[in-house]
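Residues per chain are reported as follows:
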Amino acid sequence: MTPSLMRSAAQLVRRRSYSAASGHPERKVAILGAAGGIGQPLALLMKLNPLVSSLSLYDIAGTPGVAADVSHINTPALVKGFMGDDQLGEALEGADVVIIPAGVPRKPGMTRDDLFNINAGIVKNLSAAIAKYCPNALVNMISNPVNSTVPIAAEVFKKAGTYDEKRLFGVTTLDVVRAKTFYAGKANVPVTDVNVPVVGGHAGITILPLFSQATPATNALSHEDIKALTKRTQDGGTEVVEAKAGKGSATLSMAYAGAVFADACLKGLNGVPDIVECSYVQSTVTELPFFASKVRLGKNGVEEVLGLGELSDFEKEGLENLKGELKSSIEKGIKFANAN
């Protein structure tokens, strides 16, 4: 890759301007599940991020090859690969940000809930290791179903006495990325200028894009257009699974979204002001204990959970409709975490 292409790739992650010069604090990022379909492109994108000084890649198998491959890229981050249970502690030790894409992907006909039994167990074990080896890290949960895996991690951290609600995030950035893309295409506005908050959860009807708050605003979209855009955002994962004819899920776009959110977390840790992203966190925005909304990121993780703002009637209806399913997913995660 030429230097100009490398810079362009890195700029995809750096949506806000910052200097790539020296002077940033040293930051270690660990990716758990780094040899998988999301983990590999995510490792590539984090290697391109100048805020990362140390990149720790962990998986149950295959990580040495991924680490060797990524380590050859001529950017400053030092890359190490770790494999198997006995190397998990070393992979995590000293991490500032831990990103978890570990688990099995969706296959045709599977819902996120179908993934629960496998991925819930993986997340529970990894969370226990995080509590032991890097309890102060910001944890970015990608493993589905996020609506349940974030509560699982919270319960594990509580049992270990390390839980800090400001440091645990469900990564819902892909919903925002999709909403921006779909809105820009329909409204015929430059996608780089678009912002769309997405609230609720990270599965089906729990995903609620707030197109009434989209910027730049447009009068070109009818109520039917908004309904269709909402449905497409909610079904974006299924769209990719079907397009890949059962041979994969949303790995590349998820890796990009994961890199965008991790980049925001690193900027917050480094004291960059006004870093706001949507994320699924412990929340009092609704009566539900976890909810995705805009959060302001800072040196301690979540500095502020922002409110929903003014909703359209359609969005108010969507909000009420999602609460039952989201509540059930949260309770399922808590029950699983406390079962043993």
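Residues numbered from 1 in each chain as written. Predicted model: local features only at pLDDT ≥ 70, side-chain atom pairs only at ≥ 80, totals over all residues. Heavy atoms only, no water.

(A) Spotlight on the overall build of the chain. Of regular secondary structure, the chain possesses 11 helices and 11 strands. The C-alpha atoms of the chain give a radius of gyration of 19 Å, which matches the 20 Å a tight globule of 340 residues would have. For the chain, with 340 residues in total, the buried portion stands at 54%. Looking at the chain as shown, the accessible area adds up to about 14700 Å², and 52% of this sits on carbon and sulfur atoms. Positive and negative charge centroids in the chain, built from 34 and 33 side chains respectively, lie 3 Å apart. (Helix = DSSP H or I, 4+ residues; strand = E, 2+ residues; numbered from the N terminus. Rg over C-alpha atoms; globule rule 2.2 N^0.38 Å. Buried < 20%, exposed > 50% of the residue type's maximum accessible area, 1.4 Å probe, protein only. Areas by Shrake-Rupley, 256 points an atom, 1.4 Å probe, with all protein chains shown as cover. Lys, Arg positive; Asp, Glu negative; His and termini not counted. Charge placed at Lys NZ, Arg CZ, Asp CG, Glu CD.)

(B) View of the UniProt feature "active site" (unreviewed entry) in the chain. Per the UniProt entry, the sites bearing "active site" (unreviewed entry) are His202 in this numbering. Along the chain, histidine 202 turns up in the loop between β7 (198-200) and β8 (207-209). According to the relative accessible area criterion, histidine 202 is buried, its value standing at 2%. (UniProt positions renumbered as here; feature names shortened; annotations may be inferred.)

(C) Broad picture of the nonpolar core. Of all hydrophobic cores here, the largest spans 46 residues; its most connected members are Leu32, Leu92, Val98, Ile100 and Ile130. Counting only elements with at least two residues in this core, the list comes to β1 (28-32), α4 (88-92), β4 (97-100), α5 (116-133), β5 (138-141), α6 (146-160), β10 (290-298) and α11 (313-337). Among residues more than four places away in sequence, those in contact with leucine 92 are Lys28, Ala30, Leu32, Val98, Ala129, Ile130, Tyr133 and Cys134. By size, the runner-up hydrophobic cluster in this structure holds 41 residues, among which are Ile31, Leu45, Leu57 and Ile275. (Core = buried A, V, L, I, M, F, W, Y, C linked by side-chain atoms within 4.5 Å. Contact = heavy atoms within 4.5 Å.)

(D) The pattern of salt bridges, seen in detail. Inspection of the entire model under this criterion finds 13 salt bridges. Lysine 227 is the partner of glutamate 224 in a salt bridge, and the nearest nitrogen-oxygen pair spans 4.0 Å. Remark: lysine 227 and glutamate 224 occur in helix α8 (residues 223-234); sequence separation between them is three residues, near one turn of the helix. In this structure, aspartate 263 engages lysine 267 in a salt bridge whose closest nitrogen and oxygen atoms are separated by 2.5 Å. Placement of both aspartate 263 and lysine 267 in helix α10 (residues 252-269) is noted, with a separation of four residues, approximately one turn of the helix. Salt bridges sharing partners connect three or more residues here, namely Asp274, Arg296 and Glu304. (Salt bridge = Lys/Arg side-chain N within 4 Å of Asp/Glu carboxyl O.)

(E) Seen up close, the environment of lysine 316. Residue position: lysine 316 is located in helix α11. A residue is classified by how much of its surface remains accessible, and lysine 316, at 45% relative accessible area, is partly exposed.

(F) Structural context of the packing of helix α7 (residues 173-187) against α8. Direction vectors running N to C along α7 and α8 enclose 145°, while the axes themselves pass 9 Å from each other. The two elements α7 and α8 meet at a crossing, and its hand is right-handed. Mapping the contact onto sequence places Asp175, Arg178, Ala179, Phe182, Tyr183 and Lys186 in α7 and Asp225, Leu229, Arg232 and Thr233 in α8. Residue composition of the contact of α7 with α8, by class: four nonpolar, one polar and five charged. (Axes fitted to C-alpha atoms, helices over the stretch in contact; angles between N-to-C directions. Left-handed = near helix turned anticlockwise from the far one by under 90°. Nonpolar A, V, L, I, M, F, W, Y, C, P; charged D, E, K, R; others polar.)

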